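# Per-entry structural report
Residue strings, one per chain:
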Amino acid sequence: MSEAPAVAVVDAQTPGNVGTIARAMKNFGFSELLLVDPPELDRDGEAYGYAGQAREDVLPNATEITFEDLVSEYHTVGLTATTNQNATRHVRYPFSTPAELAEELETVNAPTCLVFGREDNGLSNEELARLDEICAIPASEEYPVLNLGQAATITLYEFRNLAISDTQLPDVERDRASEAEIERLYDQFDDLLAGIGHPEEKRAKSGRMFRRLIGRAHPTDREAVTLLGIVRRATESLNRKTESVSQDRD
């Protein structure tokens, strides 16, 4: 995808929700806000009050558009909380989750728009029937309906990779300890099992379980060295106590 999807809000009933969506857009790198039949957006009112820093660019640059122009100019993705459960009806089916659709759209080279509906009943069946794809957020079966601001924020978060390449978070790639260091930890654990008198027939299984546990954890060098030191000290302490008891008996 060459550019981030646009975001459209159809017939929003409260200015505050438009401001909330604009703020979420700013959070996750989206800039093109399209409004179909919007409420009045007073610069001293709720919309700008809720928009945060988006009051400087996303919100004032929002474009009013008709639903006709929206469906004719964009590849459209309609957001809904209610989906059909099978393929016998096609208004709200098939559907994708935001995460699934975000991955799919990475390869779509077309102007795309995420379309959100009204606060009370979302997009109508007639509107959804004219949109290209359907997207729904997985939620509790007992109460799957999110408010408009929540739905937009979750969706834009999942689509963030289409809009931003870097975030404020540091690189989380783990610096895994060397295999040699980790093998030393395994060997020391084996010595500990012997030192505590763990049944010999169970040592191989216990060692294998420890190996799997550490293997899933991907310890850093510091973590592996610290664990190795603790296990070594425990083993040495046991050995000293064993030697002391043996000398007392002699």
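Please refer to the structure placed before this passage.
Residues numbered from 1 in each chain as written. Predicted model: local features only at pLDDT ≥ 70, side-chain atom pairs only at ≥ 80, totals over all residues. Heavy atoms only, no water.

## A look at the environment of Leu-193
Looking at where Leu-193 falls in the secondary structure, it is placed in helix H7 (residues 179-195). Leu-193 sits eleven residues away from Ala-204 along the chain, and the two C-alpha atoms are 9.8 Å apart. When near neighbours in sequence (up to four residues on either side) are disregarded, Leu-193 contacts His-198, Arg-203, Ser-206 and Gly-207. (Helix = DSSP H or I, 4+ residues; strand = E, 2+ residues; numbered from the N terminus. Contact = heavy atoms within 4.5 Å.)

## Examining the side chain of Arg-118
Mapping Arg-118 onto the fold places it in the loop between strand E5 (112-116) and helix H5 (125-128). Overall, Arg-118 belongs to the buried group, its relative accessible area being 19%. A polar atom in the side chain of Arg-118 sits 2.7 Å from the side chain of Glu-127. Apart from residues no more than four positions distant in its own chain, Arg-118 is found in contact with Val-10, Asp-11, Gln-13, Leu-123, Ser-124 and Glu-127. (Buried < 20%, exposed > 50% of the residue type's maximum accessible area, 1.4 Å probe, protein only. Polar contact = N/O pair within 3.5 Å; in protein donor to acceptor, adjacent residues only side chain to side chain.)

## Observations concerning the pattern of salt bridges
Counted according to the given criterion, the structure contains seven salt bridges. Linking Glu-179 and Arg-176 is a salt bridge whose minimum nitrogen-to-oxygen distance equals 2.3 Å. Residue classification places Glu-179 among the partly exposed residues on the basis of a relative accessible area of 47%. Residue class for Arg-176 comes out partly exposed when judged on its relative accessible area of 28%. (Salt bridge = Lys/Arg side-chain N within 4 Å of Asp/Glu carboxyl O.)

## Some thoughts on the packing of aromatic side chains
If you walk through the whole model with that rule in mind, you get three aromatic pairs. With centroids separated by 5.8 Å and ring planes inclined at 70°, the aromatic side chains of Phe-28 and Tyr-157 adopt a geometry described as edge-to-face. Pair noted here: Phe-28 is in the loop between helix H1 (15-27) and strand E2 (33-36) and Tyr-157 is in helix H6 (residues 148-158), with a separation of 129 residues, a long-range link. With a relative accessible area of 40%, Tyr-157 lands in the partly exposed category. Ring geometry for Phe-189 versus Phe-210: centroids 3.9 Å apart, planes at 10°, classification stacked. Here Phe-210 lies in helix H8 (residues 200-217) and Phe-189 lies in helix H7, a separation of 21 residues in the sequence. For Phe-189, a relative accessible area of 15% corresponds to the buried category. (Phe/Tyr/Trp six-rings, centres within 6.5 Å; stacked < 30°, edge-to-face > 60°.)

## Quick notes on unusual backbone geometry
One non-glycine residue, Asp-37, lies in the positive phi region at around 50°. Following the sequence through the fold, Asp-37 ends up in the loop between E2 and helix H2 (46-50).

## Details of the packing of H7 against H8
The interhelical angle for the contact between H7 and H8, taken along N-to-C directions, is 145°, at an axis separation of 10 Å. Crossing geometry of H7 relative to H8 is assigned as right-handed. Between H7 and H8, the contacting residues are Ile-182, Glu-183, Leu-185, Tyr-186, Phe-189, Asp-190, Leu-193 and Ala-194 on the first element and Arg-203, Ser-206, Gly-207, Phe-210, Arg-211, Ile-214 and Gly-215 on the second. Of the residues contributing to the contact of H7 with H8, the split by class is eight nonpolar, three polar and four charged. (Axes fitted to C-alpha atoms, helices over the stretch in contact; angles between N-to-C directions. Left-handed = near helix turned anticlockwise from the far one by under 90°. Nonpolar A, V, L, I, M, F, W, Y, C, P; charged D, E, K, R; others polar.)

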